[in-house]
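Chain residues, written in single-letter form:
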2 protein chains.
Amino acid sequence: MEFTFLGTSAGTPTRARNVTGLALRHGSPRHWYLIDCGEGTQHQLLRTRLSVVQLQAIFITHVHGDHTFGLPGLLASASMSGRTAPLPLIGPPQLRPFLETTLANTDSNLGFELQYINSESGDFLWQDDSLRVTSAPLSHRVPCHAFRFEEIRLERKLLTERLMADGIEPGPHWGQLQKGHDVCLANGRLVRAADYTTIPRPPRRVVVAGDNDTPELLTGACQDAHLLIHEATYTQAVADRVGPWPRHSSAKQVASFAMRVNLPYLILTHFSSRYQSGGSRGPVIEDIAAEARDAYSGGLHLARDYQRYRLDRDLILREVDE
Amino acid sequence: MEFTFLGTSAGTPTRARNVTGLALRHGSPRHWYLIDCGEGTQHQLLRTRLSVVQLQAIFITHVHGDHTFGLPGLLASASMSGRTAPLPLIGPPQLRPFLETTLANTDSNLGFELQYINSESGDFLWQDDSLRVTSAPLSHRVPCHAFRFEEIRLERKLLTERLMADGIEPGPHWGQLQKGHDVCLANGRLVRAADYTTIPRPPRRVVVAGDNDTPELLTGACQDAHLLIHEATYTQAVADRVGPWPRHSSAKQVASFAMRVNLPYLILTHFSSRYQSGGSRGPVIEDIAAEARDAYSGGLHLARDYQRYRLDRDLILREVDE
């Protein structure tokens, strides 16, 4: 599971950070998923190896422009680059009138089907061959959800001693069993994969939150999760000065929550454009890092644009630097 | 009059070129106008000195996404940066449902009035303190217009010998006359600015075209113009191979037209993304330059992103390199 941050700024882009977009690569080597799509997301993709032709689905946490205004351009470019495969678009119901009106009034015709899936329905669950995705409601100025990604169809290990002990000799059916398929032997005997294989590790589970002023709402979703990616728009001091209206989280809030629920890894993103890189005279991004580090002793990262992180099968999160 | 190219690629962005956007600075030092607004235009502006707070009007040649998808984000960012002054938005009537639906479905509220002005009405004319703008219909897959910008209120030169000969002595009324105001002297005599001043140079006139496969449609608009900015999506060989469907111009078509109507300066832009910079193995942007140079002996430029050109009062077009 590899994450590429395509934008890490809140509200408006800066010279160093675009507005929100996050790519999750998983499953087949080139398959990937997009979570949120601020303006310029397709531009950011030009500097990665990700292709909109291989995009498996788009997830949108909420309708605000800094998370959605890149959709029309990304979809139009996908069409121009020859995409024909249907594309699931999972998000709030307002995405449909927004996109349908935009495409109709700009003479844009997509060469593929856009499958609108409402993430706000109470029983939301989406899955494909590689991932099972559920959602959790957050607290923001508009309805907003976190998505929890859990890998499925993990590789199985054959219980060879048990197979041999039960007289099931090596052959092509071993390969079928390892893929999780039950097989019927030549003698008519049904052999179940569940009886002769084991899954030697837990599935990786990652929660990607949208804008949110109440991290505690993710207590259930973060149960057994290995990584939380959450906004930290301000430090607590700035959040107190700004007041509650924007309904964002401070670094302290998110970090304290992550500590309380015992999360192994936390990546913070969606920083107010007032935070500059080191050397600036104004507030700096290191203020957010320091505040989070005070409250959380797990693996902490502050996302930068184009930074990649890989959550490996050993459940260790590593920065990818090539 | 200073032009800054914010995007020079057709259809989709490349790593070196964004989709269409052009800034025209004129009048007060920080006043400027935007012509077309592809996705990422607000990002490009971050690398210029132009501020959306000082933006006087937006002109849109046609509704295609590579000329319009940057509008919602640019307008939202203008609002977030504190703009309150009304903003004229001059373009096709479909801009209104596109923007109103987008803003309504993304919880976006602008802190200023957007004044929709239909550029397709037969008697279109727009002017402010510095510019008079008219339009000319083009030929493309959707209705598309060129805008012709002509400066107004040019600086006047006092005819001092005539003033003295007629017994009008120096005083504050000389300043009024020079500004073009008629004055009434202490003795009751009305002195007309038109009689005692002259405008020593012609107004600068620039035509900025949208997408178009028939440059000849600009014959009238280019009458007396000093500069034409026009798309040249392909070379003629590529245009012939692509066929007429996209309804774009070749370099040869535009350059031949500019030669025929005796235009002093021509800037080509909106290049197909197949054209790369020199050193590439595919078609290169120099192919377009060579083809245009063959047909046109005036001042020819091929626009690059962030390149600035100044059309000075002496009617010379200069690249600005600071």
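Looking at an unreviewed UniProt entry, chain A carries the name Ribonuclease Z, with the source organism given as Marinobacter zhanjiangensis. Under the UniProt heading Subunit (unreviewed entry), the note attached to chain A is "Homodimer." On record in UniProt, under Sequence similarities (unreviewed entry), the comment for chain A is "Belongs to the RNase Z family."

Caption draft 1: Seen up close, the interface of chain B and chain A. Counting from both sides, the interface comprises 35 residues of chain B and, opposite them, 35 residues of chain A. Together chain B and chain A conceal approximately 2800 Å² of surface at their shared face, both sides included; 60% is due to carbon and sulfur atoms. For the chain B face of the interface with chain A, the top three residues by lost area are R15(B), E39(B) and F69(B), together amounting to 24%. Where chain B packs against chain A, one counts 0 salt bridges. For the side of chain B that touches chain A, the elements supplying multiple residues, two or more each, are α1 (41-45), α2 (65-68), α3 (71-80) and α4 (95-105) of chain B. Per-element accounting of the side of chain B that touches chain A gives the leading share, 6 residues, to α3(B).

Caption draft 2: How the structure looks around the sheet that holds strand β3 (residues 32-37) of chain A. Residues and elements named next belong to chain A. Judged by pairing direction, the sheet is mixed, and its 8 strands sit side by side in the order β6-β5-β4-β3-β2-β1-β18-β19 without closing on themselves. The open sheet has two free edges, formed respectively by β6 (114-118) and β19 (317-320), since each of these has just one partner strand. With strand direction ignored, the average angle separating the axes of adjacent strands in the sheet is 25 degrees. Sheet strands touched by helix α3 (residues 71-80): β3, β4 (55-59), β5 (87-91) and β6. Its angle to β4, the strand with the most contacts, is close to 165 degrees. The sheet contacts of helix α4 (residues 95-105) involve β5 and β6, and relative to β6 the element is tilted by about 155 degrees.

Caption draft 3: How the structure looks around α4(B). L95(B), F98(B), L99(B), T101(B), T102(B), L103(B) and N105(B) are the residues of α4(B) that are buried. Looking at the buried residues of α4(B), the elements they touch are α4 of chain A together with α2, α3, β5 (87-91) and β6 (114-118) of chain B. Among the residues trailing α4(B), D107(B) stands out with phi positive, at a value near 55 degrees.

Caption draft 4: Structural detail: the packing of aromatic side chains. Residue and element names in this part refer to chain A. Tallying each qualifying case throughout the model produces 14 aromatic pairs over all chains. Seen from their ring centres, F59 and F149 are 5.1 Å apart, and the 85 degrees between their planes marks the pair as edge-to-face. Taken as a pair, F59 in strand β4 and F149 in strand β9 (residues 145-151) lie far apart in primary sequence, 90 residues in all. Across from the ring centre of F112, 5.6 Å away, lies the NZ or CZ of R83, which sits over that ring.

Caption draft 5: Representation of the environment of H26(B) within the structure. Within the secondary structure, H26(B) sits in the loop between β2 (21-25) and β3 (32-37). Excluding its chain neighbours within four sequence positions, the residues that come into contact with H26(B) are M1(B), H31(B), Y33(B), S130(B), L131(B), E151(B) and R204(B).

Caption draft 6: Inspection of a positive patch on the surface at higher detail. Together, R15(A), R47(A), R15(B) and R47(B) line one region of the surface with positive charge. Relative to the assigned elements, R15(B) resides in the loop between β1 (2-7) and β2. Owing to a relative accessible area of 55%, R15(B) belongs among the exposed residues under this scheme.

Caption draft 7: Region of the structure containing the UniProt feature "binding site: Zn(2+) 1" (unreviewed entry) in chain A. Residue and element names in this part refer to chain A. Mapped onto this numbering, the UniProt entry annotates "binding site: Zn(2+) 1" (unreviewed entry) at H62, H64, H140 and D211. These residues run over 150 residues, yet every pair of their C-alpha atoms falls within 10.5 Å of each other. The class for H62 is buried, based on a relative accessible area of 0%. Apart from the residues lying within four places of it in its own chain, the contact partners of H62 are D36, H67, T68, P92, H140, V142, P143, C144 and D211. Take H140: it is sitting in the loop between β8 (131-137) and β9.

Caption draft 8: How the structure looks around the sheet that holds strand β15 (residues 227-231) of chain A. Residues and elements named next belong to chain A. As summarised here, the arrangement of the 7 strands in space is β7-β8-β9-β14-β15-β16-β17, forming an open sheet in which the pairing is mixed. Only two strands of the sheet have a single partner each, and these edge strands are β7 (126-127) and β17 (299-302). As paired elements, β9 and strand β14 (residues 205-208) share 4 bridges and run antiparallel to each other. From the neighbouring strand, E150 faces β14, where its bridge partner is R205. Against the sheet, helix α9 (residues 251-260) makes contact with β15 and β16 (265-269), and its axis sits at roughly 165 degrees relative to β16, the strand it touches most. Helix-sheet contacts for helix α10 (residues 285-295) involve β16 and β17, and the interaxial angle to β17 is about 165 degrees.

Caption draft 9: Highlighting the relation of the copies chain B and chain A. Turning chain B through 180 degrees and shifting it by 0.0 Å along the axis lays it on chain A, with an RMSD of 0.2 Å. In symmetry terms, the pair is related by a two-fold rotation axis. No C-alpha of chain B lies nearer the rotation axis than that of G40(B), which sits 2.7 Å from it. Counting the interface residues of chain B, we find that 100% of their copies in chain A are interface residues as well, pointing to one common contact surface.

Cut-offs and rules
Residues numbered from 1 in each chain as written. Chains lettered and ligands numbered in written order. Predicted model: local features only at pLDDT ≥ 70, side-chain atom pairs only at ≥ 80, totals over all residues. Heavy atoms only, no water. UniProt positions renumbered as here; feature names shortened; annotations may be inferred. Contact = heavy atoms within 4.5 Å. Buried area = accessible area lost by both parts, 1.4 Å probe. Salt bridge = Lys/Arg side-chain N within 4 Å of Asp/Glu carboxyl O. Helix = DSSP H or I, 4+ residues; strand = E, 2+ residues; numbered from the N terminus. Pairing = 2+ DSSP bridges. Axes fitted to C-alpha atoms, helices over the stretch in contact; angles between N-to-C directions. Buried < 20%, exposed > 50% of the residue type's maximum accessible area, 1.4 Å probe, protein only. Phe/Tyr/Trp six-rings, centres within 6.5 Å; stacked < 30°, edge-to-face > 60°. Lys NZ or Arg CZ within 6 Å of the ring centre and 35° of its normal. Patch = residues over 30% accessible without salt bridge, like charges linked within 9 Å, V, L, I, M, F, W, Y side chains within 5 Å. Areas by Shrake-Rupley, 256 points an atom, 1.4 Å probe, with all protein chains shown as cover. Lys, Arg positive; Asp, Glu negative; His and termini not counted. Charge placed at Lys NZ, Arg CZ, Asp CG, Glu CD. Least-squares fit on C-alpha atoms with pLDDT ≥ 70 in both.

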